[in-house]
Structures are given as C-alpha cells and as structure tokens.
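Spelled out, the chains give:
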Amino acid sequence: MGLLTILKKMKQKEREMRLLMLGLDNAGKTTILKKFNGEDVSTISPTLGFNIKTLEHRGFKLNIWDVGGQKSLRSYWRNYFESTDGLVWVVDSADRLRLEDCRQELSSLLLEERLAGATLLVFANKQDLPGALSKEAIREALALDEIKSHHWCIIGCSAVTGENLLAGVDWLLDDIAARIFTTD
Amino acid sequence: MDVVAEVSQETGFAGESGADKLQERLQKRHQARVEDAERRKEAKESQSVAEEKGEYFYTTFNKERASIEELLSSCSGADRAAVTRTLEEATAKTVQLQKFLNDSMLFLKQYDLRQAQAALQKLQTSLTEIREEALPKKKFGFRARTKATDPVSAPVSATPLPDAGTPADSGSTKVDGAAAPEQCSFSNMDNVSLTKTAEEIQKRDVLLTHLTNCKVRLFGAPSTLHLKHIDSCEILCGPVSSSVFIDHCTNSTLAVPCQQLRTHNTTDTQVYLHVTSRAIIEDCRGVSFAPFSWSYPTLEEDFTVAGLDQDRNNWNQVDDFNWLAAGTPSPNWTVIPEVDRKTNWDP
Ligand SMILES: Nc1nc2c(ncn2[C@@H]2O[C@H](COP(=O)(O)OP(=O)(O)OP(=O)(O)O)[C@@H](O)[C@H]2O)c(=O)[nH]1
Ligand SMILES: [Mg+2]
C-alpha cells in the first residue's frame, strides 16, 4: 500500500475536511461563516486575526478557518495553508473599485504550493445589493477561466439572505469527497 | 465614593415609599450585591485560568523556538548529510510548533498571537534560506501531488450549478471602476452641495468618489456606503445597515450610523459615529471620533429600516490594525474633546 493510499484511508475514517476562507476585507467571510452556522450576523466586527468553526454537515466534520482580510493581515494568510482541502474565496460583488486587487490576491494564492491540491470555491457575495456585479462578470474580472491548476466553481450568493450558501458548500464537499475519500 | 452614591439613592427611595418597602428593597439590593460578588469571583477565576494557559504557552513556545534556532545555527560548517538531517528535524519541529500555536490560539490575545506567528514566520524563512544555501536545487521530502499523474487536477469547467438568482444580468460586464447605472453615486465634483433623498437611497449601495470641498447630505438608510478619494468635505449620512468603507479621505468631517466602520489611508478627519459592532482604522493618521449627533426628521425610522440598534453605540472602541500592542493606545486616533464637538449641523 502506497503512502497516498494510507493517507486517504486515514482521512476517510475521520471524514474530516479543512476549509480555508479568504478574501479581501469587507468581503463578507465572517458573515458567511456565521450565517451558515445559523448565528446572529448583526454584531460581527472586522476580523482581527481569525475564527475557526467546526461544523457537522452531511456526515462530514468541517473545520472552517476564516482569516481576516485587512491588508495588514494578508501576510499571515500563509500560516493557514497547511493541509487545506478546500479554499473558499469570497468576493464583495459590489466593490468594483477593488476587483483588480481581488484578482491579484487570488492569483498569487493559486501559485502556492501548499494549496496545490485544494478545490477552489469562489463566492460572488452580496448579490442582494442592487449594484452587485453578476457572477459572470466576477468570473471574467477574476480571469477564472484561466485557472488550470485547481478544480473551481463560482457561485453568486448573499450572506445576508443566506441564498446559495448551502449550494456552494455542497459543491465544494462533493468535489473534495470525490478526491480524498474514494478508495482505490 | 460608590457607597455614598448608593446610600443617597436609597434615601431617595425611602422618601417616596413606606418603611417595609424600604426593607424589601434593601434585601433585594443585598441579594444583588452577593450575586455580583459571585460573578466577579467567577470572572476572576476564569481569567486566571486563561493567564495560566497563556503562560504555559509562552514557556513552551519559546523553549521550542530556541531549540529550533539552535538546530539551525548548528548547520553552519556541518557537512551535507548532517545538514540534511538537521534541517529535516528542524522542519518537523517547526510544523509541530505551528500546530501547537494553532491549538492554543483560542485563549491567546490577538497581539501575542501575531507575535508568535511572526516568530514562526521568521523560523520558516531561516529554514528556507539555510536549505537553499546548504542544499542547492536538490529537494527532499514528499512532493505535493504531482499534476501530471493526478487525474483530479485536470481543469473542470465551472457551471454545473443552478444559477445564483442574481439580479437580471443584462450582459453588461463592465468592471472598470465606474459606478454601475443601478448604483447610487456622486463622483468627480468640486465645491457643490449634494443631496440624496430616502427614495433614492433606501437599501441601495451608495458610492462617493473624488469629491473636493463638497457638502453631502444623504437622508435615508443605504445598505452600504463607500467613500473614496474625499478631500475637505462634510458628509452626513443616515443609518447604514452593513458597513461603511472609507479609503483615502482627508481633512473632512463625517457623520454616520452603521454596523461596521472600516477606515483606510485617512488623515485629519473627524468622524461622528454610531457603530453597533466596531470601528477599525488601517494606515490612518489624525482620525478623531465622537458620538453621532446629526439628526433629520426621519432618522428614527431609518434606524429601524437599517436594523441598527439605536442604544448600542461603540463609537470609541476603535481597532487600529497597525497598532496592536495591548495596553498602549494607538497614536493614530483620538476622541474629540466634548467642548470641541460639533453640535450644529445646519446647511
Ligand atoms: N448587503 C450585504 N452585506 C453583506 C453581505 N455579506 C456581508 N455583508 C456585510 O459586509 C460587511 C463585512 O462583512 P464581514 O463578514 O465582517 O467581512 P469579512 O470578509 O469577514 O471582513 P474581514 O474580517 O475584515 O476580512 C458587514 O457589514 C456585513 O454585514 C451580503 O451578502 N449582503
Ligand atoms: Mg471577518
């Protein structure tokens, strides 16, 4: 039995996944995390550091890491890369002025060797705002079609209404599960 | 001090009610005091547990760190095989130390956490440097999954999902930083007075960019408010249901209630603020705060529309992301002294 197979077997037993949620500040990461967990979203402060939540969903144990996106915190993102199964990139779809920033940060993340195996879910968040760009526009602005290194998917959602959060997480779980929990 | 205040309060009560009522009140008050003391004791105990944990963390963290540093310094002058072995050991120890930090973070103060992370990062950098210097090119350890042999990393196209129910997308995918037609905005103006009414604003995202010497009044409850490149303006806004995002603002006066305030690259600006979570500043200088005091006829209703709690205002709890030392206040923001606060907002 090869090492990879042993690792797969170990993970399979635990059915545990590590999801890392990143994105520019104000994108709505913490709001998504809390909404997904059914918590109050009206008292959330900008994240000084990070939050982790462990959730049970569809029989999986999800360890979700939500790291603050302020400029001064981005250099710490790398401390959370290790053994990430899924990367959730959250975008404020109404923040047209920082889309270029957003594209650059994402593309440099995708070059990280330690994230090489991770599945990428892009949440085009804040779709409830009238000025929000559609997920197609975000897909184009972030040049997602050029990504060849990762499985990816973009989903329009709203952390405030909760719309499509579940659909996104379910896609992510399916993709990861197909990869790490299948025995060979 | 405390006691005097309480006694005079009790006397106040006695004057308006009978003696047995007073007795009952004193009884209640005593009970409350006992409970309060209990609470304080509990709080103190849990704090000392946290401190103990913190201390255990520092001792262990620093010991481990020192031993890794020692390993690294033993590399200089050693032969290749020895360096390889040592580096492997140091790498394993560093990974463990990261894990230890991750496991401890729940009780660490943010500042200490960042210090520890910075220390780890430094270790990682030295590790890489030594490795590159001592063992050029040759990589050891397991490679992460190799792309060529792994069928999983083949690209997949990305629309297997039901549409997000986005607002009707008319195919316009212009993202060049200009405001979208459906966005409520003012841009590129000098020396004017600008107003938006509740109907124009309600539940929309409002964007103000490149304004100089302008007076802006937003009578309503927007969903979010973005200010960018604002110079010498006075901007007053009704309750914002989520965040206010400020970037490159100088010499201005702002008044706004919101859920979050995020201030960047801003200098010499006064903010009259009502914030229900917290305000932050990053890369700012000379920003000063006072409680929100502007008013207009439908303000109360707009607080309700925005879903903001009017009784919860954390205007003076400001996190400076460039200044995280516990204990020492940030030099980048201040509270506006009461005598200097603006009270007249007439146009
Ligand atoms: N209208 C609207 N507002 C949202 C949505 N998601 C988040 N927000 C608001 O956007 C602001 C920022 O949300 P946070 O969750 O704090 O953002 P974050 O990505 O965690 O930010 P950092 O912690 O600084 O990295 C808050 O005021 C949220 O209420 C959404 O889907 N729609
Ligand atoms: Mg956050």
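Look above for the structure.
Residues numbered from 1 in each chain as written. Chains lettered and ligands numbered in written order. Predicted model: local features only at pLDDT ≥ 70, side-chain atom pairs only at ≥ 80, totals over all residues. Heavy atoms only, no water.

1. Focus: the overall build of chain A
And step 1. Counting its secondary structure elements, chain A contains five helices and six strands.
And step 2. Helices and strands appear in chain A in the N-to-C order α-β-α-β-β-β-α-β-α-β-α.
And step 3. Considering chain A as a whole, with its 184 residues, one finds that 62% of them fall into the buried category.
And step 4. Sequence separation of at least 24 residues holds for 73% of the intrachain contacts in chain A that already meet a minimum separation of 6.
And step 5. Just so you have it, chain A exposes about 6900 Å², and 51% of that area is on carbon and sulfur atoms. (Helix = DSSP H or I, 4+ residues; strand = E, 2+ residues; numbered from the N terminus. Buried < 20%, exposed > 50% of the residue type's maximum accessible area, 1.4 Å probe, protein only. Contact = heavy atoms within 4.5 Å. Areas by Shrake-Rupley, 256 points an atom, 1.4 Å probe, with all protein chains shown as cover.)

2. A short note on the coordination of the magnesium ion (ligand 2)
And step 1. Within the protein, the atoms that donate to the magnesium ion (ligand 2) are A:Thr30 (OG1) and A:Thr47 (OG1), at distances of 2.0 Å. Pair noted here: A:Thr30 is in helix 2 (residues 29–36) and A:Thr47 is in the loop between helix 2 and strand 2 (50–57), with a separation of 17 residues, a long-range link. (Donors = N, O, S within 2.8 Å, 3.2 Å for Na, K, Ca; no water.)

3. Focus on the packing of helix 2 of chain A against helix 5 (residues 165–180) of chain A
Residue and element names in this part refer to chain A.
And step 1. Look at helix 2 against helix 5: their axes get within 11 Å of each other, and the N-to-C directions meet at 90 degrees. The angle between helix 2 and helix 5 places the two elements in the roughly perpendicular class. Of helix 5, the residues touching helix 2 (which contributes Ile32, Lys35 and Phe36) are Leu165, Leu166 and Val169.
And step 2. Considering only residue class, the contact of helix 2 with helix 5 consists of five nonpolar, no polar and one charged. (Axes fitted to C-alpha atoms, helices over the stretch in contact; angles between N-to-C directions. Parallel < 35°, antiparallel > 145°, perpendicular 65-115°, else oblique. Nonpolar A, V, L, I, M, F, W, Y, C, P; charged D, E, K, R; others polar.)

4. Some words on unusual backbone geometry
And step 1. Look at A:Ser83: it is not a glycine, yet its phi comes out positive at around 45 degrees.
And step 2. Its place among the elements puts A:Ser83 in the loop between strand 3 (60–67) and strand 4 (86–92).
And step 3. For A:Ser83, a relative accessible area of 49% gives the class partly exposed.
And step 4. You will see that B:Asn213, though not glycine, has its phi angle at about 55 degrees, which is positive.
And step 5. Positionally, B:Asn213 belongs in the loop between strand 3 (205–212) and strand 4 (215–218).
And step 6. Its relative accessible area of 42% is what places B:Asn213 among the partly exposed residues.

5. Side note on the site of ligand 1
And step 1. Around ligand 1 lies a shell of 26 residues, among which A:Lys29, A:Thr31, A:Gly69, A:Asp128 and B:Gln259 are the nearest.
And step 2. Those chains with residues close to ligand 1 are chains A and B.
And step 3. Interatomic distance of 2.8 Å between a backbone N/O atom of A:Ala159 and an oxygen atom of ligand 1.
And step 4. Between ligand 1 and the protein, one listed contact pairs an oxygen atom with a backbone N or O atom of A:Val160 at 3.4 Å. (Near = heavy atom within 4 Å. Polar contact = N/O pair within 3.5 Å; in protein donor to acceptor, adjacent residues only side chain to side chain.)

6. Some remarks on the packing of aromatic side chains
What describes a pair of aromatic rings is the distance from one ring centre to the other and the angle between the planes of the rings.
All names here are of chain A.
And step 1. In total, this model carries 13 aromatic pairs over all chains according to the counting rule given.
And step 2. Here Trp65 and Tyr80 contribute two aromatic rings whose centre-to-centre distance is 5.8 Å and whose plane-to-plane angle is 55 degrees, an arrangement assigned as tilted. With Trp65 in strand 3 and Tyr80 in the loop between strand 3 and strand 4, this pair connects stretches of sequence that are 15 residues apart. Of the two residues, Trp65 and Tyr80, both sit in the buried class.
And step 3. When the ring centre of Trp65 is taken as reference, the NZ or CZ atom of Arg18 above it lies at 4.3 Å. (Phe/Tyr/Trp six-rings, centres within 6.5 Å; stacked < 30°, edge-to-face > 60°. Lys NZ or Arg CZ within 6 Å of the ring centre and 35° of its normal.)

7. A short note on the sheet that holds strand 6 (residues 152–156) of chain A
Residues and elements named next belong to chain A.
And step 1. What the six strands build is an open sheet, ordered 2-3-1-4-5-6; its pairing is mixed. Two strands lie at the open edges of the sheet, namely strand 2 and strand 6, each paired on one side alone. Going from strand to strand, the sheet's axes swing by 20 degrees on average, the running direction of each strand aside.
And step 2. Sheet topology note: the strand 5 (residues 119–125)/strand 6 ladder contains five bridges and is parallel. Bridge pairing links Leu121 to Cys153 in strand 6. (Pairing = 2+ DSSP bridges.)

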